[in-house]
Amino acid sequence: MANLVDFVNNELSTKKDFPAFGAGDTITVYYEIKEGEKTRTQFFKGVVIQRKGAGITETFTIRKMSGAVGVERIFPVNMPALQKVEVNQRGKVRRARIYYFRELTGKKAKIKERRR
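Conventions we followed
Along each chain, the written sequence defines residue order, and numbers are assigned to residues from 1. A pLDDT threshold of at least 70 governs which residues receive local features in this predicted model, and a stricter bar of 80 or more applies before side-chain atom pairs are shown or counted, although totals over entire chains, interfaces and linings include all residues. Values shown for side chains rest on all heavy atoms present in the structure; no hydrogens or waters enter the calculation. UniProt positions are given in the numbering used here, feature names are shortened, and annotations may be inferred rather than shown by experiment. One requirement defines pairing of two strands: DSSP has to find at least two bridges between them. Helix and strand definitions here come from DSSP, where helices need a minimum of 4 consecutive H or I residues and strands a minimum of 2 consecutive E residues; each element is numbered from the N-terminal end. Here an angle of 0 to 180 degrees is reported between the N-to-C directions of two axes, which are lines fitted to C-alpha atoms, with helices fitted over the stretch in contact.

The name an unreviewed UniProt entry assigns to the protein is Large ribosomal subunit protein bL19, from the organism Flavobacterium sangjuense. What UniProt records for the protein under Sequence similarities (unreviewed entry) is the sentence "Belongs to the bacterial ribosomal protein bL19 family."

Student: Any details on the sheet that holds strand 1 (residues 26–35)? Residues and values, ideally.
Tutor: Taken in spatial order, the five strands of this open sheet run 4-3-2-1-5, and their pairing is antiparallel. What marks the edges here is a single partner per strand, and that holds for strand 4 (69–76) and strand 5 (82–89). For this sheet, the mean inter-axis angle between neighbouring strands, taken without regard to orientation, is 40 degrees. Where strand 3 (residues 59–66) lies against strand 4, eight bridges are found, and the strand directions are antiparallel. Bridge assignment links isoleucine 62 to a residue of strand 4, and that residue is arginine 73.

Written as structure tokens, this is what we have:
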């Protein structure tokens, strides 16, 4: 049974070529929204909180501030509606999952830029 699941994951899923990004990076995700008959592209720009899973089930969580309210959204990597991902800024963090970022406000919520 495990071989069948691996076969479906490897052969039938489509791989998208997104740039490498991780926790602490600021990215912009462009995705397609269908409203009735029409489709439009919307973007979501924020800080990556985590990457989770592997293969076809991989997801990533992005957090942004909308006014004074924090908004988080989880995107599957293999979602057909995802059009492109742009990395705006590389962040310097020490953890793979930065849940502590949710409680930070003001200057403490600023992530230092990682230079290459």
